[in-house]
Amino acid sequence: MHLETLHLLSFKNYLDENLRFSPRINVLVGKNGSGKTNLLDAIYYLGFTKSAFSSSDQQCITQGNSYFFIKGVFKNDSTTKEVTSTVQLGAKKIFREDSLEYQKLSEHIGKYPIVLIAPDDVYLVNEGSEGRRRFFDGIISQLDKIYLENLIQYNQALKLRNGLLKLYAERGSAVDWIAFESYDKLLSTLGDSIFKRRSAFIIEFSPVFQKYYHFLVENSESAEVQYNSELKGKTFSAGLMDVRPRDVALQRTNFGIHKDDYDFILGNEALKRYGSQGQQKSFVIAMKLAQFEILDLHKGFKPILLLDDIFDKLDDFRIARLLELIKSEFGQLFITDARPERTRGLLNHINVPSTVFNIDQGKVTLYEQQEK
Amino acid sequence: MDYPSKLIEDAVNQVAKLPGIGKKTALRLVLHLIKNKEENTFALTQALNKLRSSIKFCNCCHNISDTDLCFICTSHKRDRRILCVVEDAKDVMAIENTSQYNGVYHVVGGVISPMNGVGPTDLKIESLVSRLNQEQSEVKEVILALSPTMEGDTTAFYINKRIKDLTGKITVIARGVPVGGDLEYADEITLGRSILGRTLFN
């Protein structure tokens, strides 16, 4: 699958841009702050119905405007699909595929798989478990619609259950556990199925991840992603029963798959504490490459790969390794770089056709096109 | 919006508090009242005042009533062995209009909805429990007729737990495809449920 054209209206620093991309390698060069990453974000938005970098849609609107619009034409073999997104302040976000509006945004997710590798990805290692859960949920949701529906329902039931705990706390009255039973039943059923799906996924994910990690890092230390859930030791209903006193005290639910985590292990040690910055970066890139391969395998076509400022962070050996993959494994690719000579040199080296765009303050110009 | 008179503004703000009425509609209604005869407006406000001060809720089923016990609870023609639990008075009217039901009601006054600050004790569930606990209770079947939402299901689940030893059987209204509708237009969940809950042809 590849993105053929992109039209942006008042998206971040792009006022009105019409772009046509190469089905293979697109290099976006420009100074810091020129809008390279914003362009990647617009592509990401079309795939995930939200920004990768901004927490709200409002932040994606050009300052002083009240809306933004993105249109992308995707091509897969001989079929062409047009995806548009319209966001207007104070109105419902609208996503359309070939002019047909989605009733639920979740229906769109997974149809246009995109993998983004960005410098701040190490947050997966360094920050809380929520980011790690979101990363893996994001992949599984793209493979399995039922998983996504279950997750949405689980979160709704969890919100209501926590709301009821708060209600009793605010009133200072004794908790009536009968009122919780229907939530508990719902959480158990959905939670068990989510737990099973996550467990199965990590079994599929691990060998692919290890393959890429060892490809990027030439040594034999073992790298592992372990799925960690309290459900491994007890049933959902027993777990909920055990945490009741804590639930009352903290006014939220303290047992469930919303507390799951993924442990990153490098040679028997926790990556977060003992891994060097380089090891952490390679670990995260290997996870993203595994994400790419698994999506490719399940969808039957290659996702779009977005590489944000990646060459800055890697040593020559890893860059060489990554370029080998670019040459053989990947489909359409978008690379940003502040230094055009470097990227061009690297790409000439592997001899793959590429198109270079120059970006300056939200204006994009075709810089160089190399067709083979 | 700027109004030519403070009196109009006050009236518009009051009317606009009603459900389904925005500021523009409220203004239209207020101007309409001014344009028409004075008596009409007073008749309206009198009716509203009287409604508010005299309206009662049935002591037994909590339905809206003119008397301490509503006409359904006092009627000799109703079957006291069947009791239908509903959210509010609108639901009683809806079920009455079907002419398919001859039992009595219990209006719980809403559903358990933590996000809106409604817990089980805010509903008339205790009164249902004590109603079924009474020695002279003849109830053999309780029908739960609540909204088919997560909140409605939670409430039904809770009520079921509280009353399961106090009555013969507890049933819920069927969920399925509407009469006169096309199957292809029914949503998947409803259609799926109606397949699972299918009934014998006769």
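Residues numbered from 1 in each chain as written. Chains lettered and ligands numbered in written order. Predicted model: local features only at pLDDT ≥ 70, side-chain atom pairs only at ≥ 80, totals over all residues. Heavy atoms only, no water.

A. Region of the structure containing the sheet that holds strand β7 (residues 100–101) of chain A. All names here are of chain A. Overall, antiparallel pairing links the 6 strands, which are arranged β2-β1-β4-β5-β6-β7 in an open sheet. Across the chains shown, the open sheet's two edge strands, defined by having one partner strand only, are β2 (14–20) and β7. Relative to strand β5 (residues 79–88), strand β4 (residues 67–76) runs antiparallel, the two being bridged by 10 bridges. Note on β5: the bridge partner recorded for Y67 is Q88. Those strands touched by helix α1 (residues 36–48) are β1 (2–11), β2, β4, β5 and β6 (94–97), and its axis lies near 110° from that of β1. (Pairing = 2+ DSSP bridges. Helix = DSSP H or I, 4+ residues; strand = E, 2+ residues; numbered from the N terminus. Contact = heavy atoms within 4.5 Å. Axes fitted to C-alpha atoms, helices over the stretch in contact; angles between N-to-C directions.)

B. Representation of the environment of D153 of chain B within the structure. All names here are of chain B. By the element assignment, D153 lies in helix α7 (residues 150–163). Remark: the alpha-carbon pair of D153 and F201, spanning 48 residues in sequence, is separated by 28 Å. In contact with D153, other than residues within four places in its own chain, are S147 and R175.

C. A look at a nonpolar patch on the surface. All names here are of chain B. Residues L44, L48 and L51 make up a contiguous nonpolar surface patch of about 270 Å² in total accessible area. Relative to the assigned elements, L48 resides in helix α3 (residues 38–54). Look at L48 and you get partly exposed, because its relative accessible area is 47%. (Patch = residues over 30% accessible without salt bridge, like charges linked within 9 Å, V, L, I, M, F, W, Y side chains within 5 Å. Areas by Shrake-Rupley, 256 points an atom, 1.4 Å probe, with all protein chains shown as cover. Salt bridge = Lys/Arg side-chain N within 4 Å of Asp/Glu carboxyl O. Buried < 20%, exposed > 50% of the residue type's maximum accessible area, 1.4 Å probe, protein only.)

D. Looking closely at the domain arrangement of chain B. The assigned domain composition of chain B is domain 1 (6–54) and domain 2 (64–200). Taking the mean C-alpha position of each, domain 1 of chain B and domain 2 of chain B sit 35 Å from one another. (Domains from an automatic or database assignment.)

E. Fine view of the interface of chain B and chain A. On the side of chain A, 18 residues touch chain B, which itself brings 16 residues to the contact. For the pairing of chain B and chain A, the buried interface totals around 1,500 Å² over both sides, and the portion due to carbon and sulfur atoms is 71%. A per-residue breakdown of the area chain B buries against chain A is headed by P114, M150 and F157 of chain B, which together make up 41% of the total. Seen at the junction of chain B and chain A, the total is 2 salt bridges. The salt bridge involving D122 of chain B is made with R171 of chain A; its shortest N-O contact spans 2.7 Å. Where chain B packs against chain A, one counts 5 residue pairs in polar contact (both at pLDDT 80 or more). (Buried area = accessible area lost by both parts, 1.4 Å probe. Polar contact = N/O pair within 3.5 Å; in protein donor to acceptor, adjacent residues only side chain to side chain.)

F. Summary view of unusual backbone geometry. Backbone geometry at D309 of chain A places phi at a positive 50°, although glycine is not the residue there. With respect to the helices and strands, D309 of chain A occurs in the loop between β12 (304–307) and α10 (316–328). The backbone phi angle of H62 of chain B is positive, close to 70°, even though this residue is not glycine.

G. Just the pattern of salt bridges, in detail. Tallied over the entire structure, the rule returns 27 salt bridges over all chains. Between E130 of chain A and R134 of chain A there is a salt bridge; the shortest N-O distance is 3.5 Å. Of the two residues, E130 of chain A and R134 of chain A are both situated in helix α3 (residues 129–143); the distance of 4 residues between them amounts to about one turn of the helix. For R78 of chain B, the salt bridge is made with E96 of chain B, and the minimal N-O distance between the two is 2.8 Å. Linking R78 of chain B in the loop between α4 (71–74) and β3 (79–86) with E96 of chain B in helix α5 (residues 89–98), this pair joins segments that are 18 residues apart in sequence. Judged by its relative accessible area of 12%, R78 of chain B is buried. One salt-bridge network, held together by shared partners, links D137, R198 and D260 of chain A.

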